[in-house]
Amino acid sequence: MRNPLGNIEKKVVEVYGKKVTVWDVTKSYKWLDENGNQLYNKNGSKKYKEKFKRCYSYQEAKTALENMPAEIEREKQKEVEVKIIENKEKTFFDLCDYFEKEYVKPAVFVRGRKVVGYKKNIAHIKTIIKNQEKFFGDVPLSKITYENLRKYKEHISLHKSEKTGEYLKPSSINEKLSLLRRMLNVAVQSDWLMRNPFTRGKSLINRSEEEPRTRILSFAEESRLLANCTGKQAYLRDYIIVALETGLRQSEIFNLDWRDIHLDLGLVHIRPGDEFTKTGKMGLVPITDNVREILERRKANFIYEKQPFPKKDFRKSWKTLCKNAGITDLQFRDLRSTTATRYDEGGVSESLATKILRNTPKIRQKHYIILDQENIARIGRKMSDFLKQNRIVSAES
């Protein structure tokens, strides 16, 4: 007799010299390796295990067959427990070493998609792991509890940054906790740990606590900032204008390639999956009149033959520039927020601005907004007119 849960086969067998009617119950299930992947035979067919039980009545066989799925799951769980016992000497230091070796590496892109690694600064990630080693010590992974994690969050929340002397921001705390959670997930996947202790209590990672920056640059501040781009800070002028009028991130500006700049079409092409873009999204960015002038000037200079904007560490120069211009609490990344605000003020729809800036859209319909070369060129002209008018008004006032 066939059953979706397995098979019940009626037989007559000899037991102690007597013929007896029995019902053999069998249930096949997938044979997986230690990582949960399907195993295959040499001929390419899937491997299966079989659970067997002999019963002496049909009712007993029927009940046994109904219970088999649960029994199989218990046996699988026991196999995992045995593996964990075999690996009981695995410690937090072992996990850190393994994670750094297998996961903490520069991002690799295939067909425009990140398949492995981190786009973040690798040295920064390793520093976080090193500090976590100091906190947890070389303890067995099974000894790390939810309470330990709560105390770690408390520890980093009360810790002041060596650079700024201020308490860590919620985003920095969440970054450290997210990395630790991922490491412990890897431990579970490797059968070094039964369960991630992060799941044994309320969430320790609270994104709602993060405070997004709202700082933008006014036209009056922009005028002062550019006016002070003199002397050692003179080179910053082009970087600032390009950032303000394209919305490109600092890393994207540093890694612009002449082959992606199309002056004849009035646009910059951001390649999909580029390791220097934050989201890895493809994009078309309009070139305004000011940006065109900068690019044409630099293209004519052999110094910029390879890249229009060579990478520079201008953190110190940026602080000096802002101080001389009398501008406080301004980061270079705030120029991108300023661009987004000016797109809105200049009449560029939110949907188009989201596409140009390659932000994650809040509304799914924005996925269907199509940007072509003509649209981009038109937006570039529109923004050039808008910026020119507002700078005139700002100068007159």
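Throughout what follows, the structure given in this document is the object of discussion. (Residues numbered from 1 in each chain as written. Predicted model: local features only at pLDDT ≥ 70, side-chain atom pairs only at ≥ 80, totals over all residues. Heavy atoms only, no water.)

As for the pairing of strand S3 (residues 18–30)
For step 1, the next point in the chain: The pairing of strand S2 (residues 6–15) with S3 spans nine bridges and is classified as antiparallel. Looking at S3, one finds that Val13 is bridged to Val20.
For step 2, the next point in the chain: Bridge count for S3 against strand S4 (residues 48–55) is eight bridges, and the pairing is antiparallel. By the bridge assignment, Lys27 is partnered in S4 with Lys51. (Pairing = 2+ DSSP bridges. Helix = DSSP H or I, 4+ residues; strand = E, 2+ residues; numbered from the N terminus.)

Observations regarding the nonpolar core
For step 1, the next point in the chain: Ranked by internal contacts, the top residues of the largest apolar core, which has 48 residues, are Leu225, Ile240 and Trp318.
For step 2, the next point in the chain: Per-element accounting of this core gives the leading share, seven residues, to helix H7 (residues 236–246).
For step 3, the next point in the chain: In contact with Trp318, other than residues within four places in its own chain, are Leu225, Leu236, Ile240, Leu330, Gln331, Phe332 and Leu335.
For step 4, the next point in the chain: Formed by 31 residues, the second largest nonpolar core is a distinct cluster that contains Cys96, Leu149, Leu168 and Ala187. (Core = buried A, V, L, I, M, F, W, Y, C linked by side-chain atoms within 4.5 Å. Buried < 20%, exposed > 50% of the residue type's maximum accessible area, 1.4 Å probe, protein only. Contact = heavy atoms within 4.5 Å.)

Here we look at the pattern of salt bridges
For step 1, the next point in the chain: Scanning the model with the defined rule gives 16 salt bridges in all.
For step 2, the next point in the chain: A salt bridge links Asp24 to Lys11; the shortest N-O distance between them is 3.3 Å. Of this pair, Asp24 sits in strand S3 while Lys11 sits in strand S2, and the two are 13 residues apart along the sequence.
For step 3, the next point in the chain: Accessibility expressed as a relative area gives 4% for Asp24, which makes it buried.
For step 4, the next point in the chain: The partner of Arg342 in a salt bridge is Glu222, and the shortest N-O contact between them spans 2.9 Å. Linking Arg342 in helix H11 (residues 334–345) with Glu222 in helix H6 (residues 219–227), this pair joins segments that are 120 residues apart in sequence. (Salt bridge = Lys/Arg side-chain N within 4 Å of Asp/Glu carboxyl O.)

Section: the sheet that holds strand S9 (residues 283–286)
For step 1, the next point in the chain: Strands sit in the order S7-S8-S9 across an open sheet of three strands; the sheet is antiparallel. Only two strands of the sheet have a single neighbouring strand rather than two, namely strand S7 (261–262) and S9.
For step 2, the next point in the chain: Pairing analysis gives two bridges linking S7 to strand S8 (residues 267–270), with the strands arranged antiparallel. Residue His262 lies in a different strand from S8, and its bridge partner there is Leu267.

Some thoughts on a nonpolar patch on the surface
For step 1, the next point in the chain: A contiguous nonpolar patch, built from Val108, Val110 and Val115 and spanning about 210 Å² of accessible area, is present on the exposed surface.
For step 2, the next point in the chain: With respect to the element layout, Val115 can be found in strand S6 (residues 113–116). (Patch = residues over 30% accessible without salt bridge, like charges linked within 9 Å, V, L, I, M, F, W, Y side chains within 5 Å. Areas by Shrake-Rupley, 256 points an atom, 1.4 Å probe, with all protein chains shown as cover.)

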